Amino acid sequence: MGSDHTHTAPSAPPRVRRILVVTVVPLFVATVLAAALLWPRGGSPQTDGGADVPRYPGTVTRVVSEPCPPVPSVPEGTPRVGDGRCGTVDVRVDDGPTAGQQVRTPVPDGPGAPRVEVGDEVILVELADPTDPTTSNWNIAEHQRGTPMVWLAVIFAAAIVAFGRWRGLAALAGLAASFAILLTFVLPGISAGGSPLLVAVVGAALIMFVVLYLTHGVTAQTSVAVLGTLGSLVLTGVLATIATAATHLTGFGSEDATTLSMFQGDVDLHGLLLAGIIIGSLGVLDDVTVTQAATVTELANANPGLTRLQLYRAATRVGRAHIASTVNTIVLAYAGASLPLLLLLTADSRPIGQILTSEFLAQEIVRSAVATLGLIAAVPLTTGLAAVVTAAGRTAATASTDASAPRPQPDRSEALAALSSPRTAGSDEPARTRTAPPSEATDRWPESNRSTDTAW
């Protein structure tokens, strides 16, 4: 097996490699066939999202702020819309039919409206006047983010390649493959009316095969991580199905899901929730399974005398420490993605029991709990597989070496002289025994579990 952490371990014996090939290859073929059968054909269904509003890039050349006109009094407690920014903004259109033209727009106002200054690159939209279709009004939609995002992507890729070198380049290729599978198979397959859970499981398995072998190489260690990840994914899917059914989750636990149901009413939101749990668990599972497989390999290389059970126990102790930190990572990741929801719930006047069992929060709790259970199961599963493969490979390699290496033949004359020599200390005692102190002679005597062939 190969190790990516410190050095390259000896390759697995042919018998072990055959067992892994017979196990992994059928699973890979089944995944590819399932993806071919579920692959969306004819494209995703088009939804009526309204007329396509033209968008043009522009550069702010002037900003004029003005005091806002007084507004009529509103009842107390009515939420304010906007922050009271008024005035005009002059923008030079950089592309499109009116490139080079100066247009005047109102200062962006309202929830989420961008704050603009002279020199900012913005996106303009041209809206027709409902009362007079021959005239149009210009408005600033948002800032241009293309250039900063390109630079961020370049820095991101450069840092990974600089630190990981070829392994980092392979990781970037795996990341690109993951997005390609998500964008070309998983999302279109769900949009086309396929079962979200089935599409997510097949898509996650396909991502796992491509990413793990591309990033870590085609080795026995990677194959063990693949088997551990696949088994944990299946268990996570089963647990997610049971948990969502027991808690009666519908999938309408977010505003995004509700909005999606308006545009695509045939999407199974409950299945989409299950699919999200599967996809979200995959990245963390990859981390745990690869780490456990590598840990077993490194322990076996550092101490070849460890038995299969000792390898399992030692690597499991490492896995416990890894799980303790990863569980916190999962919860914080889901909490960070749901901060607006959590803030909204903290302002709720209902009892805490009702808040925790509401659809919005219960969905996140179930998502975190199921992902954690699948993660915990991945440690003993992957560690056990890695210990079996490592011990089997070491046993086979040792047997092969012992069978092929010629056994040293003892010198008959030296053996007869040693047997005929007196055991007491004297002039006839061999020099080796006479010069060695009793304690040293005892220390030199071979251990009971060590071969004495080298003494001859």
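Look up a bit, the structure's there.
Residues numbered from 1 in each chain as written. Predicted model: local features only at pLDDT ≥ 70, side-chain atom pairs only at ≥ 80, totals over all residues. Heavy atoms only, no water.

### Describing the nonpolar core
Of all hydrophobic cores here, the largest spans 53 residues; its most connected members are Phe 185 and Met 208. Among the secondary structure elements, those contributing two or more residues to this core are helix H1 (14–38), helix H3 (166–191), helix H4 (196–216), helix H5 (220–246), helix H7 (269–302), helix H8 (308–337) and helix H11 (359–404). Sorting elements by how many residues they give to this core places H4 first, with twelve residues. Once residues lying within four places of it in the same chain are set aside, the contact partners of Phe 185 are Ala 35, Leu 38, Trp 39, Pro 40, Ala 180, Val 199, Val 202 and Gly 203. In terms of nonpolar packing, the next biggest core, distinct from the first, is built from twelve residues, Val 89, Val 103, Trp 138 and Ile 140 among them. (Core = buried A, V, L, I, M, F, W, Y, C linked by side-chain atoms within 4.5 Å. Buried < 20%, exposed > 50% of the residue type's maximum accessible area, 1.4 Å probe, protein only. Helix = DSSP H or I, 4+ residues; strand = E, 2+ residues; numbered from the N terminus. Contact = heavy atoms within 4.5 Å.)

### Considerations on the side chain of Thr 222
Here Thr 222 is to be found in helix H5. The residues contacting Thr 222, other than those within four sequence positions of it, are Leu 212, Tyr 213, His 216 and Gly 217.

### Considerations on H8
Over its 30 residues, H8 runs 41 Å from end to end, which matches the ideal 44 Å to within 8%, given 1.5 Å per residue. Among the residues of H8, those classed as buried are Leu 311, Ala 314, Ala 315, Thr 316, Gly 319, His 322, Ile 323, Thr 326, Ile 330 and Tyr 334. (Expected span 1.5 Å × (residues − 1).)

### Details of the packing of aromatic side chains
Aromatic rings considered in pairs are described by the distance between their centres and by the relative angle of their planes. Summed over all chains, the structure comprises three aromatic pairs. Judged by centre distance (5.8 Å) and plane angle (50°), the ring pair of Tyr 56 and Trp 138 falls under tilted. Here Trp 138 lies in strand S5 (residues 136–143) and Tyr 56 lies in strand S1 (residues 55–66), a separation of 82 residues in the sequence. For the pair formed by Tyr 56 and Trp 138, the shared burial category is buried. (Phe/Tyr/Trp six-rings, centres within 6.5 Å; stacked < 30°, edge-to-face > 60°.)

### A word on the state of the cysteines
Here the structure, examined in full by the defined rule, presents one disulfide. Cys 68 shares a disulfide with Cys 86; S-S distance 2.0 Å. Classification of the bridge connecting Cys 68 and Cys 86 rests on its S-S torsion, roughly 110°, and on that basis the disulfide is right-handed. Within this pair, whereas Cys 68 is found in the loop between S1 and strand S2 (86–93), its partner Cys 86 is found in strand S2, the two being separated by 18 residues in sequence. Looking at Cys 68, the relative accessible area reads 31%, which means it is partly exposed. (Disulfide = S-S within 2.5 Å.)

### Observations regarding the pattern of salt bridges
Following the criterion strictly, the structure yields six salt bridges and no others. Salt bridges sharing partners connect three or more residues here, namely Arg 55, Glu 142 and Arg 145. (Salt bridge = Lys/Arg side-chain N within 4 Å of Asp/Glu carboxyl O.)

### Things to note about the packing of H1 against H4
For any two helices packed against each other, the geometry comes down to the angle between their axes and how far apart the axes lie. One can describe the packing of H1 onto H4 by two numbers: an axis separation of 10 Å at closest approach and a directional angle of 130°. Here H1 is positioned oblique relative to H4, judged by the angle of their axes. For the crossing formed where H1 meets H4, the hand is left-handed. Residue-level inspection shows Val 24, Leu 27, Phe 28, Thr 31, Val 32, Ala 34, Ala 35 and Leu 38 of H1 in contact with H4, the latter providing Leu 198, Val 199, Val 202, Ala 205, Leu 206, Phe 209 and Tyr 213. Residue composition of the contact of H1 with H4, by class: 14 nonpolar, one polar and no charged. (Axes fitted to C-alpha atoms, helices over the stretch in contact; angles between N-to-C directions. Parallel < 35°, antiparallel > 145°, perpendicular 65-115°, else oblique. Left-handed = near helix turned anticlockwise from the far one by under 90°. Nonpolar A, V, L, I, M, F, W, Y, C, P; charged D, E, K, R; others polar.)

### Some details on the packing of H4 against H5
Packing of H4 against H5 brings their axes to within 10 Å, and their N-to-C directions diverge by 160°. Between H4 and H5, the interaxial angle falls into the category roughly antiparallel. Crossing hand, H4 versus H5: right-handed. Contacts between H4 and H5 involve Leu 197, Ala 204, Ala 205, Met 208, Phe 209, Leu 212, Tyr 213 and His 216 from the first element and Thr 222, Ser 223, Ala 225, Val 226, Thr 229, Leu 230, Leu 233 and Thr 241 from the second. Taken together, the residues that form the contact of H4 with H5 break down as eleven nonpolar, five polar and no charged.

### A look at the side chain of Thr 236
In this structure, Thr 236 sits in helix H5. The exposure class of Thr 236 is buried, given its relative accessible area of 0%. Beyond its immediate chain neighbours, meaning those up to four positions away, Thr 236 contacts Ile 277, Ile 278, Ser 281, Leu 285, Val 370 and Gly 374.

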